[in-house]
Amino acid sequence: MTIGGATLELQTEPGLFAPRAADPGTLAMLSLITFAPDDKVLDLGCGYGLVGLVAARHMAPSQVYMLDNDPIAVETARANAVRNGAPEISVLLSDGFADLLEAGFSKIISHPPYHVDFSVPKHFIEKGFNRLKLGGTLWMVTKRLDWYRNKLGAIFGGCRVHEVDGYFVFEATKRQSQYAKPRR
């Protein structure tokens, strides 16, 4: 499979997100992201590791971190990293940011679950802000617009919204060290 100029050999497992093919929302998001050699990237909710592996084709794999709360996803992502010549990728089992010690990311990339309540994306946005370096960007893709635009605006002070193939791709850049001030 070739995605974003990266040819990958991927193993998936039943029960993981998009086990038969790359999800169209993830592909929409990846179509907008440019990776730089000096990036430090977190694939948040990595599943079998597609986003992190694409990033690792454009930068040092040792600067790519993938995490998921599903042990099968973590095991599969780790195996895919080795299979694709990037064993230096850090793959961690963590419920959100709970067990991740790293910070200073230039990009955090996520396709959060959006068919449930907003507790997971709320955690990803609020804690993700704290793990980004100044100038770093949180990328998210969903089918929902309003809640995400409002939440990202409240935390980051605004965000860009790209509509691609029926998905909303959010690009929120950390411009200050504290959450945005509420508008009055």
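Shown above is the structure to which this text applies.
The structure presented is a predicted model; accordingly, all values stated were derived computationally and were not measured.

Trainee: I tried to follow the nonpolar core on my own but got confused; where do I start?
Mentor: The tendency in soluble globular proteins is for nonpolar side chains to be buried as a group. If you look at the biggest cluster of nonpolar residues, it comprises 35 residues, and the most contacted ones within it are Phe-35, Ile-89 and Ile-109. The element that contributes the greatest number of residues to this core is helix α2 (residues 50-56), accounting for six residues. What Ile-109 contacts, discounting residues up to four positions off in sequence, is Met-29, Ile-33, Phe-35, Val-41, Leu-42, Asp-43, Leu-44, Val-51 and Trp-139. Leu-44, Leu-138, Met-140 and Phe-170 belong to the second largest nonpolar core, which has 21 residues in total.

Trainee: I'm lost on the environment of Gly-128 in this one. Help?
Mentor: Mapped onto the elements of the fold, Gly-128 is located in helix α4 (residues 119-131). When its relative accessible area of 0% is taken as the criterion, Gly-128 is described as buried. Sequence separation between Gly-128 and Ile-109 is 19 residues, and the spatial gap between their C-alpha atoms is 9.6 Å. What Gly-128 contacts, discounting residues up to four positions off in sequence, is Phe-97, Ile-108 and His-123.

Trainee: Would you mind going over the side chain of Arg-131 with me for this structure?
Mentor: Examined against the element boundaries, Arg-131 turns out to sit in helix α4. Ignoring anything within four residues of it in the chain, the contact list for Arg-131 reads Phe-97, Leu-100, Leu-101, Glu-102, Ala-103, Gly-104, Phe-105 and Ile-108.

Trainee: Where do I start with the side chain of Lys-107 in this structure?
Mentor: With respect to the helices and strands, the residue Lys-107 is situated in strand β6 (residues 105-110). Classification of Lys-107 as buried rests on a relative accessible area of 11%. Among the polar contacts listed, one links the side chain of Lys-107 to the backbone oxygen of Thr-34, at a separation of 3.2 Å. Not counting the four nearest positions on each side in its chain, Lys-107 is found in contact with Ile-33, Thr-34, Phe-35, Asp-39, Lys-40, Val-41, Leu-42, Leu-132, Thr-137 and Trp-139.

Analysis parameters
- Residues numbered from 1 in each chain as written.
- Predicted model: local features only at pLDDT ≥ 70, side-chain atom pairs only at ≥ 80, totals over all residues.
- Heavy atoms only, no water.
- Core = buried A, V, L, I, M, F, W, Y, C linked by side-chain atoms within 4.5 Å.
- Buried < 20%, exposed > 50% of the residue type's maximum accessible area, 1.4 Å probe, protein only.
- Helix = DSSP H or I, 4+ residues; strand = E, 2+ residues; numbered from the N terminus.
- Contact = heavy atoms within 4.5 Å.
- Polar contact = N/O pair within 3.5 Å; in protein donor to acceptor, adjacent residues only side chain to side chain.

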